[in-house]
Amino acid sequence: MIFISVLVLIGVLLLLVIGISIIQQQKARVEAERRTELARFRAIIDETEEVLSNTGLIPSSSNIVLILYKRVEEALTGALPLAAQQSNDYQRRLIDIQAQIQSLQSSPKSAPPVEQFRLPDNDRQILTLVQTLKKMKAILRAEHNKGKVDPTVFSEEELRIDSLQLRINVDSMLARGRAACFMKQYGSAKQMITKALGTLHTIKSQTPNDPFIARKVEEAKAMLEEVSGAQKSAQPTIVKSKSEDDDIDVLFQPKRKW
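Just so we're clear, the structure is a prediction, and the values are computed from it rather than from any experiment.

(A) Focus on empty space enclosed by the protein. Evaluated as defined, the whole model comprises one cavity of 30 Å³ or more. In this structure, the largest cavity occupies an estimated 40 Å³ of space. As for the largest cavity, its lining consists of Ile-58, Pro-59, Ser-60, Ser-61, Ile-64, Leu-133, Met-136, Glu-157, Arg-160, Ile-161 and Leu-164. Mapped onto the lining of the largest cavity, the elements with two or more residues apiece are helix H4 (123-145) and helix H5 (151-182). Per element, the largest residue contribution to the lining of the largest cavity is four residues, and it comes from H5. Among the residues forming the lining of the largest cavity, the class breakdown is seven nonpolar, two polar and two charged.

(B) Up close: the environment of Gln-131. With respect to the helices and strands, Gln-131 occurs in helix H4. We classify Gln-131 as partly exposed; its relative accessible area is 41%. A sequence separation of 80 residues divides Gln-131 from Val-51, and the C-alpha atoms of the two residues are 8.9 Å apart.

(C) Geometry of helix H1 (residues 2-53). Compared with an ideal rise of 1.5 Å per residue, which puts 52 residues at 76 Å, H1 spans 75 Å between its outermost C-alpha atoms and is within 8% of the ideal. Leu-38, Phe-41, Ile-44, Ile-45, Thr-48, Val-51 and Leu-52 are the residues of H1 that are buried.

(D) Geometry of the side chain of Arg-71. Looking at the element boundaries, Arg-71 is found in helix H2 (residues 62-79). Residue Arg-71 is classed as buried on the basis of its relative accessible area, which comes to 11%. For Arg-71, the residues in contact, after removing those within four places along its chain, are Ile-44, Glu-47, Thr-48, Ile-139 and Glu-143.

Parameters and conventions
- Residues numbered from 1 in each chain as written.
- Predicted model: local features only at pLDDT ≥ 70, side-chain atom pairs only at ≥ 80, totals over all residues.
- Heavy atoms only, no water.
- 1 Å grid on protein atoms, 1.4 Å probe; cavity = no way out; pocket = protein on both sides within 12 Å on 5 of 7 lines; lining within 4 Å.
- Points joined across faces, edges and corners; volume = space filled by probe spheres on them.
- Helix = DSSP H or I, 4+ residues; strand = E, 2+ residues; numbered from the N terminus.
- Nonpolar A, V, L, I, M, F, W, Y, C, P; charged D, E, K, R; others polar.
- Buried < 20%, exposed > 50% of the residue type's maximum accessible area, 1.4 Å probe, protein only.
- Expected span 1.5 Å × (residues − 1).
- Contact = heavy atoms within 4.5 Å.

That's the geometry; what it means functionally is another story.
Put into structure tokens, the structure is as follows:
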């Protein structure tokens, strides 16, 4: 009888241990899922706020800023119940972003013309612009695929981003071509300018009435002529130098015996 009682007690203890282990594993799994989900929301918030912080560098419309604000709002709302220790911080940020959304909706601002955009002289700022526009376009498409962006707004904003990317790309190539010409690296200069012309002609066939394209095509052609002229004017010096080298070689070559 005592032996049976001991066996029953051992069995109960084993079941208890197994039950506690299952509960702990379940808690660990839930905690891991919570951390993963919170990390996902944090990544969305950080990425979107980084893009928002750089919208001042480009002519951004109220529509794209509002899309970014709402993305942050959604991520903060999702992160709030998961952030036990940081709930106050998330709550404060959520209230701030909602106030900004309300302010922007009540008094929307017209977007500055893309034609007024000027490429910065700083290479680091140019890189920041390129990365910002790339992320902005990805966010715009993601939100549109979720059905959160009006198709008309999506088309307008995507066209604006594409136009800005084109301007940065073309201006960067022409600037590099100009710098290479200044350094008398005419081959590299021609390569950059020709590449810019190829890009412009491709876009021109799609949007023939864009004044920016027409203006940049003329600018690139003028630069190409300038580089070709500078290259031709530099060639006689090179030929003369080569002729002098040949004369020196003849002077010091072994004399023939007759």
